Amino acid sequence: MTVSVPLLLASLVAGALVGFLAASWAAARRGRPGHLGSPASAEPAGSPVSRGGHRIGGGSVNGAAPSGAASADLGIESLLPLLASAGVVLDPSDAVVHASPGARRQGLVRGRELVHAQLRELARAARRDEAIHEAELDLARGPVGEGRLSVAARAARLFDGDVLLLVEDRTRARQVEHVRRDFVANVSHELKTPVGGIALLAEAVLDAKDDPEAVDRFARRIVIESNRLTKLVKEIVDLSRLQASESVTEPELVRVRDVAQDALEMTSALAEGRDITVALAVEGDPCVYGDPALLRTAVSNLLSNAVNYSPNDTRVAVSVRPVGQTVEIAVADQGTGISRADQARVFERFYRVDAARSRATGGTGLGLAIVKHICTNHGGEVTLWSSPGHGSTFTIRIPLAGEDARPTPEPMLDRKDAR
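Quick look at the structure, then. Everything quoted here is computed from the prediction, not taken from an experiment. (Residues numbered from 1 in each chain as written. Predicted model: local features only at pLDDT ≥ 70, side-chain atom pairs only at ≥ 80, totals over all residues. Heavy atoms only, no water.)

**With respect to the side chain of threonine 314**
Here is step 1 of the chain: With respect to the helices and strands, threonine 314 occurs in the loop between helix 8 (292-308) and strand 13 (315-323).
Here is step 2 of the chain: Accessibility expressed as a relative area gives 15% for threonine 314, which makes it buried.
Here is step 3 of the chain: A polar atom in the side chain of threonine 314 sits 2.7 Å from the backbone oxygen of proline 311.
Here is step 4 of the chain: For threonine 314, the residues in contact, after removing those within four places along its chain, are Asp275, Ile276, Thr277 and Gln334. (Helix = DSSP H or I, 4+ residues; strand = E, 2+ residues; numbered from the N terminus. Buried < 20%, exposed > 50% of the residue type's maximum accessible area, 1.4 Å probe, protein only. Polar contact = N/O pair within 3.5 Å; in protein donor to acceptor, adjacent residues only side chain to side chain. Contact = heavy atoms within 4.5 Å.)

Right, here's the structure in full:
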């Protein structure tokens, strides 16, 4: 099993912290000199932390040092909010003595109760064995619904039966790992299809070497499959790069009108081949900061989908307009529409609403996933409206550049009137 370096470091730090807090708590409870809460570490009267016999922080009164247990309580209570993990201290009856804000936010603690029975069992085992216990647990996120939390939990016995429990939320890491495994499996499957097709066609060419017409037919199919394979590999690489970067590295000022016009030119041959009219309407001259090549890819992907999934002799409309602090680029078609069940999944990698048509048009199932990641990397989003039988509208929203940000106009050649 592969373990990521950040998770391994987090586990080691959590283990060291559990041991340190447990030792500090026990030492403070016993009042050992030189440890947290011991009389030897108490501030003398008149020190900067004392005011009129009252110790700042709720400790002693009339100069009396707090007891070891009271000082340990204060120490643990002040440390728990600083932990990256959710921290909880339980008394011998499993009632919550202290809980970090993270423990309450994650729903691990409600009032003075530790919500999940699995965590209570872990705490009891640490108390019983007087040793650190740890476990990977799958917990219910709430009292209702199907939400789950994947956590790494550590429990250590303190003193007098108290237990310190540290819980690290690894839900996001588990989800990323699950997505990675699915992606690798999907890529393997998708690559297998064109590679297998090319291999079979090559064998057919060898068997038909005495039939020129058959060789020509099979050779054309090999070209089609190899082009499909090339496109698939390119889109996999593009998507991987987009996922590896959370933002555009070197954004530049981009005129959205130019992006839309370039995307129309990129798909014009495809539209003409199916007698589909593509109309562009631009309101104003909106500009954004971003990568013009990526933005062109996003719009052209939407246009290609609109053309491929529309009947012949129909119309695709592209509109660009500023709306509030964003610019909207909408691509509307008169196709068959997308069902509500499919709408929730169209932006997933390798998901195809109509697999047969996607294969016929050379689609890879990655186009909309690429659009989504391009929008995310530009601080925007892509949304879908669709109704079966009434077409679909995909809308890209990207933050507008400021009013003072405009492309530098080309210098005028004739400046004779300037003085």
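From this point on, the discussion continues.
**Quick word on the packing of aromatic side chains**
Here is step 1 of the chain: In total, this model carries one aromatic pair according to the counting rule given.
Here is step 2 of the chain: Look at phenylalanine 347 and phenylalanine 394: their rings are 6.1 Å apart centre to centre, the planes differ by 85°, and that puts the pair in the edge-to-face class. Remark: phenylalanine 394 occurs in strand 16 (residues 392-399) and phenylalanine 347 occurs in the loop between helix 9 (340-343) and helix 10 (355-360); sequence separation between them is 47 residues. Across the pair, exposure class does not vary: phenylalanine 347 and phenylalanine 394 are buried alike.
Here is step 3 of the chain: When the ring centre of phenylalanine 218 is taken as reference, the NZ or CZ atom of arginine 217 above it lies at 5.2 Å. (Phe/Tyr/Trp six-rings, centres within 6.5 Å; stacked < 30°, edge-to-face > 60°. Lys NZ or Arg CZ within 6 Å of the ring centre and 35° of its normal.)

**A word on the pairing of strand 8 (residues 148-157)**
Here is step 1 of the chain: Most of strand 8 is tucked away: eight of the ten residues are buried.
Here is step 2 of the chain: Taken together, the eight bridges between strand 7 (residues 133-140) and strand 8 define a ladder with antiparallel strand orientation. Residue pairing across strands places alanine 140 opposite arginine 148, the latter belonging to strand 8.
Here is step 3 of the chain: Sheet topology places strand 8 next to strand 9 (residues 163-169); seven bridges connect them, and they run antiparallel. In the strand pairing of strand 9, alanine 155 is matched with leucine 165.
Here is step 4 of the chain: The hairpin turn running from strand 8 into strand 9, its antiparallel successor, is five residues long, and aspartate 160 in that turn takes a positive phi close to 60°. (Pairing = 2+ DSSP bridges.)

**Focus: the sheet that holds strand 4 (residues 96-99)**
Here is step 1 of the chain: Strand order in this open sheet of five strands is 4-3-9-8-7, and the pairing throughout is antiparallel. Edge strands, defined here as strands with exactly one partner in the open sheet, are strand 4 and strand 7. In this sheet, neighbouring strand axes are inclined to one another by 25° on average, regardless of whether the strands run parallel or antiparallel.
Here is step 2 of the chain: Sheet topology places strand 3 (residues 86-90) next to strand 9; five bridges connect them, and they run antiparallel. By the bridge assignment, leucine 90 is partnered in strand 9 with valine 163.
Here is step 3 of the chain: Against the sheet, helix 4 (residues 117-129) makes contact with strand 3, strand 7, strand 8 and strand 9, and its axis sits at roughly 165° relative to strand 7, the strand it touches most. (Axes fitted to C-alpha atoms, helices over the stretch in contact; angles between N-to-C directions.)

**A short note on the nonpolar core**
Here is step 1 of the chain: Formed by 42 residues in total, the largest nonpolar core has its most connected members in Leu303 and Ile396.
Here is step 2 of the chain: Within the residue set of this core, elements represented by two or more residues are helix 6 (212-244), helix 7 (256-273), helix 8, strand 13, strand 14 (326-332), helix 11 (367-377), strand 15 (381-386) and strand 16.
Here is step 3 of the chain: If one sorts the elements of this core by residue count, helix 8 sits on top with seven residues.
Here is step 4 of the chain: For leucine 303, the residues in contact, after removing those within four places along its chain, are Ala263, Leu264, Thr267, Val278, Val316, Val318 and Val331.
Here is step 5 of the chain: If you look at the next biggest cluster of nonpolar residues, it comprises 21 residues, including Val88, Ala126, Leu139 and Val167. (Core = buried A, V, L, I, M, F, W, Y, C linked by side-chain atoms within 4.5 Å.)

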